[in-house]
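# Chain and residue survey
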Amino acid sequence: MIIDMPETTTTAVDKRLVRLRDEGGAVALGRVLTLVILADEADVETVVEAANDASREHPSRVLVIASAGAVDAAPRLDAQIRVGGDAGASEVVILRASGPLQDQPDAVVMPLLLPDAPIVVWWPREAPQTPAEHPIGRIAQRRITDSVMSADPEVMIRSLAEHYTTGDTDLGWARVTLWRGLLAAAVEQPPFEPVTGVVIEGEQGHTSLDLLAAWLTARLHTPTKIVHKPGTTAITRVTLQRKGGDIVLDRPDGRIVTISQAGSPDRRIALPIRKLNEALIEELRRLDPDEIYEEALIKGLPSVDAQAAEGAA
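Residues numbered from 1 in each chain as written. Predicted model: local features only at pLDDT ≥ 70, side-chain atom pairs only at ≥ 80, totals over all residues. Heavy atoms only, no water.

With that settled, consider the packing of helix α4 (residues 153-162) against helix α7 (residues 207-220). The geometry of α4 relative to α7 is characterised by a closest axis approach of 9 Å and an angle of 40 degrees between their N-to-C directions. One way to sum up the angle between α4 and α7 is to call them oblique. Packed against α4, whose contacting residues are Pro153, Glu154, Ile157 and Arg158, the element α7 presents Thr207, Asp210 and Leu211 at the interface. A per-class count over the contact of α4 with α7 returns three nonpolar, one polar and three charged. (Axes fitted to C-alpha atoms, helices over the stretch in contact; angles between N-to-C directions. Helix = DSSP H or I, 4+ residues; strand = E, 2+ residues; numbered from the N terminus. Parallel < 35°, antiparallel > 145°, perpendicular 65-115°, else oblique. Contact = heavy atoms within 4.5 Å. Nonpolar A, V, L, I, M, F, W, Y, C, P; charged D, E, K, R; others polar.)

Right, here's the structure in full:
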C-alpha cells in the first residue's frame, strides 16, 4: 500500500502511521531500529529496494529524506508512506523537503523516530566530512557511508579515516567480509609461514581494495601493495607472499575465486560481488562499535598510503 501526503507535516504523518497500525492490526511491531537514509532524489527507489530487502532480516522503520526544490524556496514537506508488500518487513516513509527544511533533517525526522530503538543513518553516496557531526549523525548509534558510490571514492575513504568517530562504518568494508574470511583461513593452513608481502589487484576507485589492504597491513604487519587493473571490477586477485610459496586468491570473473597454494590442489569457491542490499544487511547485523574496521581505517590505511608513497619516490 502506498499513501501520498502532499504538503503535510511530520505530525500528520505520524498520526497516519498510528491509524494504519490500528486499522491493519499489529503492523511492524517487531521493529528493531529506525533507519534514516539521506538520499538524492535519483537514488530513492534504489535505496528503498535495498532497505526493504534488509528489513526482512532487520525489521525497521525506514525514513528516507530527499531534497526537493531550491533551498530558498518556500518550506514544504511532501510525504509518501509505504506499508505491506511495498515496504518489505518495514514501514517506509519518504520525505521530500523543500526550502529551509532541507537544512533541518533532524527536525524533520524527530517526530517519526521509533521510541527506545537504535537509530542508524545511511548516506548512499556523498557523506559529510565528519558523519558524527551531522545533525542526524549526532543522534545515531551507527553511521553508514558508501565511499564506493561517491564522486571521488579514494578521497572520501581517507577523509572518513581522518574524521573517524566510534560508530562510523562504510559499505566498502562490508563488501570485503567474505574476502577476509577466506584470507584468514588461508594463512592458518600449513605450512605455517609468515606472510612477507601482499599484492591486491582490482578496480581503480573501488575502496574495498583500500580497506582490504588496510586490514591486512594492520593484521599481518607486512608491506601491502595495491595494483589497479583497467577493465576489472572490484577485487580480482590477492597474493599472499611467503618464503615457501605464494597463496593466490584469483577471482577474474567476479563470481568464482580460485585458491592456489604450493603443495595443495586448487580450490574453487563461489565469491560473487556483493550487491548493495547484501552489504547493507551485513552492516545492520551489528550496532556496536566495529573495532576491526577502526583498526584498519585508522592504523592500516595510513600505512598502506605511506608504503605507496615510498614506492613512488
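Turning next to the environment of Ile298. Position of Ile298 among the secondary structure elements: in helix α9 (residues 291-312). Looking at Ile298, the relative accessible area reads 36%, which means it is partly exposed. When the C-alpha atoms of Ile298 and Ala218 are compared, they prove to be 9.4 Å apart, with 80 residues separating the residues in sequence. Not counting residues within four places of it along the chain, the set of residues in contact with Ile298 comprises Ala161 and Tyr164. (Buried < 20%, exposed > 50% of the residue type's maximum accessible area, 1.4 Å probe, protein only.)

For the rest of this paragraph, the subject is the side chain of Thr239. Examined against the element boundaries, Thr239 turns out to sit in strand β11 (residues 235-241). Leave out the neighbours within four places in its chain, and Thr239 touches Gly197, Val198, Val199, Asp246, Ile247 and Val248.

Before going further, it helps to examine the pattern of salt bridges. Close approach of charged atoms allows side chains of opposite charge to pair. In the structure shown here, the tally under the stated rule is 23 salt bridges. Across the pair Glu57 and Arg285 runs a salt bridge whose closest N-O atoms are separated by 2.7 Å. In this pair, Glu57 is assigned in the loop between α2 (44-55) and β3 (60-67) and Arg285 in the loop between α8 (276-284) and α9, connecting sequence segments 228 residues apart. Arg285 sits in the partly exposed class, given a relative accessible area of 49%. One connected set of salt bridges, linked through shared partners, spans Glu57, Arg274, Glu282 and Arg285. (Salt bridge = Lys/Arg side-chain N within 4 Å of Asp/Glu carboxyl O.)

All right, on to the sheet that holds strand β9 (residues 197-202) then. If you walk across this open sheet you meet the six strands as β10-β9-β11-β12-β13-β14, and the pairing is mixed. Two strands lie at the open edges of the sheet, namely β10 (224-228) and β14 (264-270), each paired on one side alone. The average undirected angle you get between the axes of adjacent strands in this sheet is 15 degrees. Here six bridges tie β9 to β11, and the two strands are oriented antiparallel to one another. Its bridge partner being in β11, Val198 is matched across the sheet by Leu240. (Pairing = 2+ DSSP bridges.)

Turning next to the nonpolar core. With 34 residues, the main nonpolar core has Trp179, Ile200, Leu212 and Val238 as its most contacted residues. Residue assignment for this core shows that the elements contributing at least two residues are α4, α6 (177-187), β9, α7, β11, β12 (247-250), β13 (256-261) and α9. Among the elements that line this core, the one with the most residues is α7, at seven residues. Apart from the residues within four sequence positions on either side, Trp179 is in contact with Leu212, Ile235, Val238, Leu249, Arg251, Val257 and Leu271. (Core = buried A, V, L, I, M, F, W, Y, C linked by side-chain atoms within 4.5 Å.)

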